[in-house]
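Below, each chain spelled out in residue letters.
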Amino acid sequence: MNRAYLALGTNIEPRYKHLLKALELLKRNEQISIKRQSSIYETTPVGYTDQADFLNMVIEVETTLSSMELLAYSQSVELQLGRKRDIRFGPRTIDLDILTYNQENSTVERLIIPHPRMHERAFVLVPLQEIAPDMILPVWNKSVVDFINDLPDTDIKDVSIWTQNELEEE
Ligand SMILES: Nc1ncnc2c1ncn2[C@@H]1O[C@H](COP(=O)(O)OP(=O)(O)OP(=O)(O)O)[C@@H](O)[C@H]1O
Ligand SMILES: Nc1nc2c(c(=O)[nH]1)N=C(CO)CN2
């Protein structure tokens, strides 16, 4: 059995429905079992900033899929949710990134594990810390907490737990 962490992100309405649908499609795969899921966070866009705020979350899964198969299934979920690829780092109905896969450090075709930008993204590290506080990231050999401590305060401020009220209004 393999253990992977996945990051989900969406900034096209209905954002919450897109997250739920993606989780449902992941659960539908008998080779994937969701073990933990973080709260949902509302986050300010990073990279390409002229776009709407995101909802982000991180989940831990156990899977019998290989990392390439997990990527292929994640991409099929993105497609089923109508994702179109246009602006790099731009708006998306759902983005599914594989953060880590076991303790692997590998690049196979177009899949890089661990995700090469995960350690600098508050919208990934903060939800990840919630479900895997003791995790040491392969390659960097550094804990999630240490990476969070190195982030600028402004980045942390841009990531906040989405409250139930907001959830009901959505
Ligand atoms: N760890 C990974 N998880 C998901 N996709 C990856 C990973 N490593 C490489 N890729 C490749 O990245 C390609 C582009 O992914 P995508 O369009 O989601 O990028 P992005 O979401 O705009 O940027 P980012 O990868 O920084 O979140 C995918 O087709 C996939 O082949
Ligand atoms: N806050 C936030 N910003 C982003 C996100 C995301 O999921 N959340 N995804 C991006 C594309 O990889 C680029 N910027």
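Residues numbered from 1 in each chain as written. Chains lettered and ligands numbered in written order. Predicted model: local features only at pLDDT ≥ 70, side-chain atom pairs only at ≥ 80, totals over all residues. Heavy atoms only, no water.

**As for the nonpolar core**
Core analysis: the largest hydrophobic core is formed by 27 residues, its most contacted members being Leu8, Ile59 and Leu70. Of all the secondary-structure elements, those providing two or more residues to this core are β1 (2–10), α1 (15–28), β4 (54–63), α2 (67–80), β5 (95–101) and β7 (111–113). With five residues, α1 is the largest single contributor of residues to this core. Setting aside its immediate chain neighbours within four residues, Ile59 contacts Ala4, Tyr5, Leu6, Leu8, Leu23, Leu26, Ile34, Arg36, Gln37 and Ile131. (Core = buried A, V, L, I, M, F, W, Y, C linked by side-chain atoms within 4.5 Å. Buried < 20%, exposed > 50% of the residue type's maximum accessible area, 1.4 Å probe, protein only. Helix = DSSP H or I, 4+ residues; strand = E, 2+ residues; numbered from the N terminus. Contact = heavy atoms within 4.5 Å.)

**Quick notes on the UniProt feature "domain: 7,8-dihydro-6-hydroxymethylpterin-pyrophosphokinase" (unreviewed entry) in the protein chain**
Here, the residues flagged by UniProt with the feature "domain: 7,8-dihydro-6-hydroxymethylpterin-pyrophosphokinase" (unreviewed entry) are residues 88–99. Along residues 88–99 one finds 0% helix and 42% strand; the C-alpha atoms at either end are 18 Å apart. (UniProt positions renumbered as here; feature names shortened; annotations may be inferred.)

**Concerning the layout of surface pockets**
Taken as a whole, the largest pocket holds about 1000 Å³ of empty space. Every residue lining the largest pocket is counted, 40 residues in all, and those nearest its centre are Arg92, Asp95, Asp97, His115 and Arg117. Counting residues per element, the ones that place at least two in the lining of the largest pocket are β1, β4, α2, β5, β7 and α3 (122–131). For the lining of the largest pocket, the element with the most residues is β5, which contributes five residues. Its residues assigned to classes, the lining of the largest pocket shows 18 nonpolar, nine polar and 13 charged. (1 Å grid on protein atoms, 1.4 Å probe; cavity = no way out; pocket = protein on both sides within 12 Å on 5 of 7 lines; lining within 4 Å. Points joined across faces, edges and corners; volume = space filled by probe spheres on them. Nonpolar A, V, L, I, M, F, W, Y, C, P; charged D, E, K, R; others polar.)

**With respect to the pattern of salt bridges**
Evaluated as defined, the whole model comprises 11 salt bridges. The salt bridge partner of Glu13 is Arg15, with a shortest N-O separation of 3.3 Å. Between Asp158 and Lys157 there is a salt bridge whose closest N-O contact spans 4.0 Å. Using a relative accessible area of 63% as the deciding quantity, one classes Lys157 as exposed. One connected set of salt bridges, linked through shared partners, spans Arg3, Lys35, Arg36, Glu60 and Glu62. (Salt bridge = Lys/Arg side-chain N within 4 Å of Asp/Glu carboxyl O.)

**Some details on the site of ligand 2**
Around ligand 2, the surrounding shell consists of Thr43, Thr44, Pro45, Val46, Phe54, Asn56, Phe89, Arg92, Asp95, Arg121 and Phe123. One nitrogen or oxygen atom from the main chain of Thr44 is found 2.8 Å from a nitrogen atom belonging to ligand 2. Here ligand 2 loses 96% of its free accessible area of 340 Å² to cover by the protein chains. Here ligand 2 is seated within the largest pocket. In terms of residue class, the shell around ligand 2 is made up of five nonpolar, three polar and three charged. (Near = heavy atom within 4 Å. Polar contact = N/O pair within 3.5 Å; in protein donor to acceptor, adjacent residues only side chain to side chain. Areas by Shrake-Rupley, 256 points an atom, 1.4 Å probe, with all protein chains shown as cover. Sits in = over half its atoms within 2 Å of the grid points.)

**Notes on the packing of α1 against α2**
The geometry of α1 relative to α2 is characterised by a closest axis approach of 10 Å and an angle of 140° between their N-to-C directions. One way to sum up the angle between α1 and α2 is to call them oblique. Seen from above, α1 lies across α2 with right-handed handedness. Facing α1, whose interface residues are Ala22, Leu25, Leu26 and Arg28, α2 presents Tyr73, Val77 and Gln80. Here the residues of the contact of α1 with α2 are counted per class, giving five nonpolar, one polar and one charged. (Axes fitted to C-alpha atoms, helices over the stretch in contact; angles between N-to-C directions. Parallel < 35°, antiparallel > 145°, perpendicular 65-115°, else oblique. Left-handed = near helix turned anticlockwise from the far one by under 90°.)

**Quick look at α2**
Over its 14 residues, α2 extends 20 Å from the first C-alpha to the last, a length consistent with the 20 Å expected when each residue adds 1.5 Å. Listing the buried residues of α2 in full gives Ser67, Leu70, Leu71, Tyr73, Ser74, Val77 and Glu78. Along the axis of α2, the buried residues cluster in a sector spanning 165°; they form a single face. For α2, the exposed residues lying more than 90 degrees away from the buried face are Leu79 and Gln80. (Expected span 1.5 Å × (residues − 1). Arc of directions from axis to C-beta.)

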